[in-house]
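# Structural overview
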Amino acid sequence: MQRRTAIALICGLAAVAAAVIYAGAGAVLQAVASLHVSGLLVLVLLHVPSVVLMGLGWWFASGNEPPATQSKFVWARFVRDAAGELLPFLQLGGVVFGLRALGRGRTLLLGAVSASIDGVVELAAKLPYVLAALLALATLAPRSRLAELLWLALLATAVTVAIFLFARRSFSASLQRMAQAISARWPAMLDLDEGGGGGLDVQEVFQRILSQRGRLWWAFTLHMCCWFLGAAEMWVTFRLLGADLTVAQALAIDGAVVGLRTFGWVVPGAAGVQEASYMLVAALFGIPPAVAIAASFARRGRDLVLGIGTFGVAALGDADVGLLTLTMPKRQRPRAR
């Protein structure tokens, strides 16, 4: 699987290079330079509220007895996103780091269950956003062939959510087996004996959280707000790059990119897929390819700065989120009894 990930990443980076050459490397560099450091910092600050809301959404998706405070969930979401952006080649790496920031033992295990549910809720909340982008695209560019791809992406997302809902018992059983396997291989990671989670029934917790519809609707609403905030961030990004864009056009572009990124899930960081999506959709509104690629790079730069800042804070004040979490030994000595 690591070999496939590496191949996909190489292909994605090659696609990015091809896009830059097509748009003109000089033009892309000039567009990126027009953003300035101050503009990048503005984008970083604009994205912070979205991460906070996503952390609160995760807290709501953890049931009426959350294993940690709201602030802890928000911090864990910052770490989760930072690791996902800085270490895209690690499968589920962001989630693992986020869970480690949430706590140990029972807290970590409950966090893993809630993270799986929160991920599906976040995916479900993307449906109305992509649909709104489709409507905007149909109004502003009615002859665009991209609508067909977006409908396909919307259908794929809806099918994924539906599969989870219909197969939730099998999914919860898989989580139970996964927790047992992790506990057996890395007992220090879960530390269930010390955390008091040795007898935790993952399936029961899973079903209990799903039965609390009110909290799940709150999580859905917060995640949907985050998706729509993405359109506002997109509008600001293009304005900082010198492109005159309306809010409706920003919604169409960002929603379309979000939808098209569905096809790039096999590529770490959707490398190449994101840049191509920006170019295709932005061209409908007369935005040059160089500016579209610069907008994609601005988004990646925003995530990079926020990720480095998060890990910097973690290194200073959160010892549980260190690089040692990546170097868990394959074999551990038996713990003293």
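For the structure itself, consult the block above.
Residues numbered from 1 in each chain as written. Predicted model: local features only at pLDDT ≥ 70, side-chain atom pairs only at ≥ 80, totals over all residues. Heavy atoms only, no water.

## Thoughts on the side chain of D118
Mapped onto the elements, D118 comes out in helix α6 (residues 105-140). Note on D118: relative accessible area 0%, which makes it buried. Of note is the side chain of D118, whose polar atom sits 3.4 Å from the backbone nitrogen of W58. Beyond its immediate chain neighbours, meaning those up to four positions away, D118 contacts G57, W58, A61, R77, R80 and H223. (Helix = DSSP H or I, 4+ residues; strand = E, 2+ residues; numbered from the N terminus. Buried < 20%, exposed > 50% of the residue type's maximum accessible area, 1.4 Å probe, protein only. Polar contact = N/O pair within 3.5 Å; in protein donor to acceptor, adjacent residues only side chain to side chain. Contact = heavy atoms within 4.5 Å.)

## Observations regarding the pattern of salt bridges
Under the counting rule described, the total for this entry stands at nine salt bridges. Its salt-bridge partner being D118, residue R80 comes within 3.7 Å of it at the nearest N-O pair. Here R80, found in helix α4 (residues 70-86), pairs with D118, found in helix α6; they are 38 residues apart in sequence, far enough to count as distant. Overall, the relative accessible area of 9% leaves R80 in the buried class. Taken together, the salt bridges that share partners define one network made up of R77, R80, D81, D118 and E122. (Salt bridge = Lys/Arg side-chain N within 4 Å of Asp/Glu carboxyl O.)

## Topic: the packing of helix α3 (residues 36-60) against helix α12 (residues 213-240)
Running from amino to carboxyl end, α3 crosses α12 at an angle of 170°, the nearest separation of the two axes being 8 Å. Classified by the angle between their axes, α3 and α12 sit roughly antiparallel to one another. Its residues assigned to classes, the contact of α3 with α12 shows 16 nonpolar, six polar and two charged. (Axes fitted to C-alpha atoms, helices over the stretch in contact; angles between N-to-C directions. Parallel < 35°, antiparallel > 145°, perpendicular 65-115°, else oblique. Nonpolar A, V, L, I, M, F, W, Y, C, P; charged D, E, K, R; others polar.)

## A look at the side chain of S50
Note that S50 resides in helix α3. With residues up to four places along the chain from it excluded, the contact list for S50 reads C226, L229 and E233.

## A short note on the nonpolar core
Nonpolar side chains in soluble globular proteins tend to end up buried together. One finds F238 and I253 to be the most contacted residues of the largest nonpolar core, which totals 48 residues. Elements with a minimum of two residues in this core: α1 (2-23), α2 (25-33), α6, α7 (146-166), α12, α13 (247-260), α14 (273-283) and α15 (289-317). A total of eight residues in this core trace back to one element, the largest contributor, which is α13. A115, A124, F206 and L210 belong to the second-largest nonpolar core, a separate cluster that totals 37 residues. (Core = buried A, V, L, I, M, F, W, Y, C linked by side-chain atoms within 4.5 Å.)

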